[in-house]
Amino acid sequence: MSAESQPERPPQRILLVTGVLGAGKTTVMRTLEDMGWEAIDNFPIRLLDRLLETEPGSAQLDAGSPLAIGFDTRTRGFDPGKTIDRVKRLAGRSDLAVTTLFLDCGGAELERRYNETRRRHPMSEDKPAATGIAAERELLEPLRRWADVVISTTDFSTNDLQQAIREQFASHTPQRTTLTISSFGFSRGTPPLADLVFDMRFLANPHWDDVLRPMSGLDAPVGEYISRDPAFDEAFTRIRDLLLLLLPRFQAQGKAYVNIAFGCTGGRHRSVFTAEKIASALRDAGFSPTLLHRNLGSRAADMVEGAQT
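Read on for an overview of the structure. (Residues numbered from 1 in each chain as written. Predicted model: local features only at pLDDT ≥ 70, side-chain atom pairs only at ≥ 80, totals over all residues. Heavy atoms only, no water.)

**Side note on the nonpolar core**
- Ranked by internal contacts, the top residues of the largest apolar core, which has 42 residues, are Leu 16, Leu 32, Leu 101, Ile 165 and Phe 169.
- The element best represented in this core is strand β4 (residues 96-104), accounting for five residues.
- Each residue touching Leu 32, except ones within four places of it in the same chain, is listed here: Leu 15, Val 17, Trp 37, Ala 68, Ile 165 and Phe 169. (Core = buried A, V, L, I, M, F, W, Y, C linked by side-chain atoms within 4.5 Å. Buried < 20%, exposed > 50% of the residue type's maximum accessible area, 1.4 Å probe, protein only. Helix = DSSP H or I, 4+ residues; strand = E, 2+ residues; numbered from the N terminus. Contact = heavy atoms within 4.5 Å.)

**Here's the deal with the packing of helix α3 (residues 80-91) against helix α5 (residues 129-146)**
- Contact pair α3 / α5: the axes reach a minimum separation of 8 Å and the direction vectors enclose 25 degrees. Here α5 runs roughly parallel to α3, going by the angle between their axes. Here α3 contributes Pro 80, Thr 83, Ile 84, Val 87 and Lys 88 to the contact with α5, which in turn contributes Leu 139, Pro 142, Leu 143 and Trp 146. (Axes fitted to C-alpha atoms, helices over the stretch in contact; angles between N-to-C directions. Parallel < 35°, antiparallel > 145°, perpendicular 65-115°, else oblique.)

**A look at the pairing of strand β1 (residues 12-19)**
- Buried residues dominate β1, accounting for seven of its eight residues.
- With eight bridges joining them, β1 and β4 adopt parallel strand pairing. When the sheet's bridge partners are listed, Thr 18 is paired in β4 with Phe 102.
- Strand direction decides the pairing type here: β1 and strand β3 (residues 67-70), joined by four bridges, are parallel. Counted as the bridge partner of Val 17 is Gly 70 from β3. (Pairing = 2+ DSSP bridges.)

**Details of the sheet that holds strand β6 (residues 178-185)**
- Strand order in the open sheet made by the four strands is β7-β8-β6-β9, with parallel pairing throughout. In this open sheet, the two edge strands, each paired with only one partner strand, are β7 (196-199) and β9 (290-293). The mean inter-strand angle of the sheet, taken between neighbouring strand axes irrespective of direction, is 15 degrees.
- Strand direction decides the pairing type here: β7 and strand β8 (residues 257-264), joined by four bridges, are parallel.

**Some remarks on the sheet that holds strand β2 (residues 38-40)**
- Spatial ordering of the open sheet is given by β2-β3-β1-β4-β5, a layout of five strands whose pairing is parallel. The open sheet has two edge strands with one neighbour each: β2 and β5 (149-152). Direction aside, the axes of adjacent strands within the sheet are offset by 20 degrees on average.
- Packed onto the sheet, α5 meets β1, β4 and β5 and runs at close to 140 degrees relative to β4.
- Here helix α6 (residues 158-169) sits on the sheet in contact with β1, β4 and β5, set at roughly 160 degrees to β5.

As structure tokens, then:
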């Protein structure tokens, strides 16, 4: 393929993250990393040109992996004026898409945060935190005025800031929540990492049918037996609808993993059948769950089943 016929590479996304100390830069960098950005914190901004030292269009920069670079007044060689000049030059390159994010916060809230954490403001020396905050704000003012995006975290919780970053800087392809659906037996312990647990022991138990006992919830006769229980259809519908309500909201909140567990006494019949049915319903709704049956291979235990009857 000739150079003329090669598709044009999209520009490399570069996000420079700075702001007043205590405004949440660490939270922002971790959130970006969770979103798939390559994150480099406390980077000497004077070395930015060397980091991006490549000819426009070179394959050295991976445009599919956006890059976030964090720096603040503690960074060695920090100079707002020189930083602005350097970024202006980079912004003129056609192979780069450079954005500067400035994190701000009210003085009173910053003082509260420093008092709460018992940390000393780096620019306050032996004076109150307010003195260092004021000096830092004056130093950063040119960078704040010039930044593309300014986010004030004064009234933000950590979760609020994470959500704001996800909304502002999500990649074109949204990060999907990893969804796991599992079955288990209560007699062998509840899964420790389950976010939602549904107890299916209110349904008729196939274990007490001599023909069905050796089978599992994967076998059609067992499924037919459980489905005939008058409570099954309504319970299944309500559980399915609840999950269809919750899962998009978990994803919007940036929850990386959601584990949903269905339990019965032994983990071989009712929980297996229900987990299979729910997984199928969620696939029809556009989700891609991983399905696990923890105790499917466990032997039936009459004593355990009887104790739960």
